[in-house]
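What follows is the residue order along each chain.
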Amino acid sequence: MSAPNSKIPAAIALVGSLLGVLFATYSTLDYSNHLDRRLHDIHCSIIPGAPVTSAGDACRAAMYSPYSAILKERFWGGIPISLFAQGAFIFFVGFSLYLLLAGARAPKQALSFFGLIALTPLAASLTMLTISLVKLGSVCTTCAGIYTSSTLLALGALLGLRNLRAAASADGQQANMRPNVQSAERPQVPMLFPLAWLLALAVCTIVPARVYASSMPDHRPYLGTCGGLKNVREPKSLLHLHTAEPVQQATLFEDPLCPTCRAFHHRMLAENMFDKLNPTMVMFPLDSECNWMLEEPLHPGSCVVARAVLCAGDNARAVLEWAYDEQPALTEAGKSGKTAIEGMVGARWGDSILQCSRSKDAQKKLNEHLHYAVDNGIDLSTPQVFLDGKRFCDEDTDIGLRYTMAQLAPQVVK
Amino acid sequence: MNASAQNSNVSGSNWLPSSIAAGVTVALLTALTLSVRSNCVAAGERLTTPDVAKPKVATAEDAEAKYCTPQFKDVLQRVLHSCGLMNENSRRGCKPADVKTFASISDEDFNALFRPLKDRGGVVLFETGKDDLDEAARKLIDERWEDRRGARYFLVVGRASTTGSTEKNRALSHRRANSVLFRVKELTPDDPDIENKVGLLWLGSEFAQLDEKEFCAWPNSGAPTDQAGAQGDKVAAKGAEKCDDKAINQSAFASWVDCRL
């Protein structure tokens, strides 16, 4: 337990703030690297200074999620919230350093202000942690670094507040016992000071974001320049999924066991964009059981699930979304063999869909989907998104999704 | 101590910590701002003048089976080009003289090319002088047509036995190939692209006659479908007591071809 005038709380807050700056810097750097529309390795470690990695699905999922940035419609990728965190932590570095150096001479208002305002990063972290767990189902380790930093900062601030109260209580007792002796009171500052500190916090938080927004490259010339669908006949077996308020035609090539498709679909739902599409769904399973374009199955079992989707009729969307929701378990089952994954399909959707998915008719339909992909000469990857026949570049389906949609189909983001 | 004295205390005793803290904050903020700007500008430069080409992604393509040897593809391409399949607005199908000219290959070598298609295709058998399909023939065509997988072209090669005149046999083999095409059109009534999928050759009795020793063992419409293709499963052609050179050439061979051209 620290003494009333101990510098330990400020030191804890300073360490937390410095770590916060570090982790937020990694996160911002990862984000800004992707402004060149290429795929980069990212930081994904709780250990400060750990190198970038091509792994780290949770960190990438967080980065691509709708919650990683604001103003995504106005700027390609939006303004990363880690940038605001960086600025705020810099302010807290300065403030906690001041409290550390000033010690007992720090004004009471400074400690009170710090005690309250330094809790906001923790509040923001708790909010983001909840979103990560509830919406994304995972926690990125770099984000966890920021959450830990916020906790340290808040701990320092609360300890400082507690010490302030303890000191005030001690002063009160001393004044009662020896009324003629003046206690070593902390200095007072005018009420204007907290306002000035708030202003400084605002400047620290907003200026980097403003600079980011004004320095980022213009992505408009690159949107929709990645090819398109050819004028080939659409097989009748292509799926037309039901959505709530369709205002924009879209053709989607998806694989039910592809993690990127799953993330994309969830992103579309979270951004309230999927239900504004009138989607034609082309099943494009990357599984050599039915897809002759692969020598080895990339997503074993996805042909089985794709056929089940095709057999589901009006429930096609439900089966597809079930496949996305249950993707980790289905992927494991797919690796165990066809029987295991068929068992999961049968258990959830019943014998009629299972039998249908084994039929020649379902295979024929799926084959038509695959030939439709060939006829259009599309890339051997999923997902692929075409709006009115114009293809979204891959980078425009992740962090640039909302901006691209706002540019090419503004009615979808309204 | 009054307020002014306290303020004086603040400004007098706290200026050093506050100056250091303010200096550190401004320095960090400046560094952050410059770094953000520099990263954004660098990304913009990489975008406009990429130093590394984007990795190429494979595109969706038709199947390419092992039997698609350069020689096989060469012959197939010549045949398909010459028979109007790969050229718009040209006539359809190939008569024996065309095949001889464009394939530039001996009878034996021509038939050898199709050997890998033994289990992929099927031989539709006809009665002597006839070109109509019976139930078994339709079933065989239906099964082969449905089993498309990744193939782009469906090849039909009509033949006639040596019985009768050359001219009659040319016409007969043409009608036999067409019978298969018409059945395929019945199966896919709303595919306007069907003409670009099905390649027709009719060889009459002049070119690449089938040898009964080998080809009577191929899956054919004279055999129960589930037994078709079994080794040594010689089945009599329609109207013939046994499968011989005559019976096996009263036929149309139909198969998807898993080659990219």
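Computed from a predicted structure; not experimentally measured.

A. Expanded view of the interface of chain A and chain B. The interface is formed by 44 residues belonging to chain A together with 39 residues belonging to chain B. The set of elements that each furnish at least two residues to the side of chain A that touches chain B consists of helix H1 (8-33), helix H3 (81-102), helix H7 (192-215) and helix H13 (360-375) of chain A. If one sorts the elements of the side of chain A that touches chain B by residue count, H3(A) sits on top with 12 residues. Broken down by class, the residue content of the side of chain A that touches chain B amounts to 27 nonpolar, 10 polar and seven charged.

B. Highlighting the packing of helix H11 (residues 327-336) of chain A against helix H12 (residues 338-357) of chain A. All names here are of chain A. Following both chains from N to C, one finds H11 and H12 inclined at 140°, their axes separated by 5 Å at the closest point. With respect to H12, the axis of H11 lies oblique. Within the contact between the two elements, H11 uses Leu330, Ala333, Gly334 and Ser336 and H12 uses Ala340, Ile341 and Met344. Looking at the contact of H11 with H12 residue by residue, the classes come out as five nonpolar, two polar and no charged.

C. Representation of the sheet that holds strand S2 (residues 153-158) of chain B within the structure. All names here are of chain B. The strand order across the open sheet formed by four strands is S1-S4-S2-S3, and the pairing between neighbours is mixed. The outermost strands of the open sheet, each flanked by one partner alone, are strand S1 (122-125) and strand S3 (198-202). Ignoring which end each strand starts from, the neighbouring axes of this sheet average 20° apart. Direction of pairing for S2 relative to strand S4 (residues 251-257): antiparallel, over a ladder of six bridges. From the neighbouring strand, Phe154 faces S4, where its bridge partner is Trp256. Here helix H6 (residues 135-146) sits on the sheet and contacts S1, S2 and S4; the angle it forms with S1, its principal contact strand, is near 155°. Seen against the sheet, helix H7 (residues 166-187) touches S1, S2, S3 and S4 and runs at an angle of roughly 160° to S3.

D. Examining the sheet that holds strand S7 (residues 390-391) of chain A more closely. Residue and element names in this part refer to chain A. With mixed pairing, the five strands of this open sheet are ordered in space as S3-S5-S4-S6-S7. Since the sheet does not close on itself, it has two edges, and those belong to strand S3 (239-240) and S7, each with one partner. Two strands pair when backbone bridges link them, and S3 and strand S5 (residues 277-283) are joined in this way by two bridges, in the antiparallel orientation. If you follow Leu239 over to S5, its bridge partner there is Met281.

E. Broad picture of the nonpolar core. If you look at the biggest cluster of nonpolar residues, it comprises 131 residues, and the most contacted ones within it are Leu99(A), Val305(A) and Ala308(A). Counting residues per element, this core draws most heavily on H3(A), which supplies 16 residues. Setting aside residues up to four positions removed in sequence, Ala308(A) forms contacts with Val319(A), Val345(A), Trp349(A), Ile353(A) and Ser357(A). Within the second largest apolar cluster, 49 residues are counted, among which are Phe114(B), Leu133(B), Ala177(B) and Ala254(B).

F. Structural detail: H7(A). With 24 residues, H7(A) ought to run about 34 Å at 1.5 Å a step, and its terminal C-alpha atoms sit 34 Å apart, in line with that. Along H7(A), the sharpest change in direction is near 25° and occurs at Ile206(A); proline Pro208(A) comes one to four residues later. Restricting attention to buried positions, one finds in H7(A) the residues Trp197(A), Leu201(A), Cys204(A), Pro208(A), Ala209(A) and Tyr212(A). Among the structural elements, strand S2 (79-80), H3 and helix H4 (108-117) of chain A together with helix H2 (15-48) of chain B are those in contact with the buried residues of H7(A).

G. Structural view of the packing of H4(A) against H7(A). All names here are of chain A. Interhelical geometry of H4 versus H7 gives an angle of 40° and a closest axis separation of 10 Å. Between H4 and H7, the interaxial angle falls into the category oblique. Here H4 runs over H7; the crossing is right-handed. Along its contact with H4, which presents Gln109, Phe113 and Ile117, the element H7 presents Phe193, Pro194, Trp197 and Leu201.

The rules behind the values
Residues numbered from 1 in each chain as written. Chains lettered and ligands numbered in written order. Predicted model: local features only at pLDDT ≥ 70, side-chain atom pairs only at ≥ 80, totals over all residues. Contact = placed C-beta atoms within 7 Å. Helix = DSSP H or I, 4+ residues; strand = E, 2+ residues; numbered from the N terminus. Nonpolar A, V, L, I, M, F, W, Y, C, P; charged D, E, K, R; others polar. Axes fitted to C-alpha atoms, helices over the stretch in contact; angles between N-to-C directions. Parallel < 35°, antiparallel > 145°, perpendicular 65-115°, else oblique. Pairing = 2+ DSSP bridges. Core = buried A, V, L, I, M, F, W, Y, C linked by C-beta atoms within 7 Å. Buried ≥ 20, exposed ≤ 12 C-beta atoms within 10 Å, placed from the backbone. Expected span 1.5 Å × (residues − 1). Bend = angle between axes of the 7 residues up to and from the residue. Left-handed = near helix turned anticlockwise from the far one by under 90°.

What is shown is where atoms sit, not what they do.
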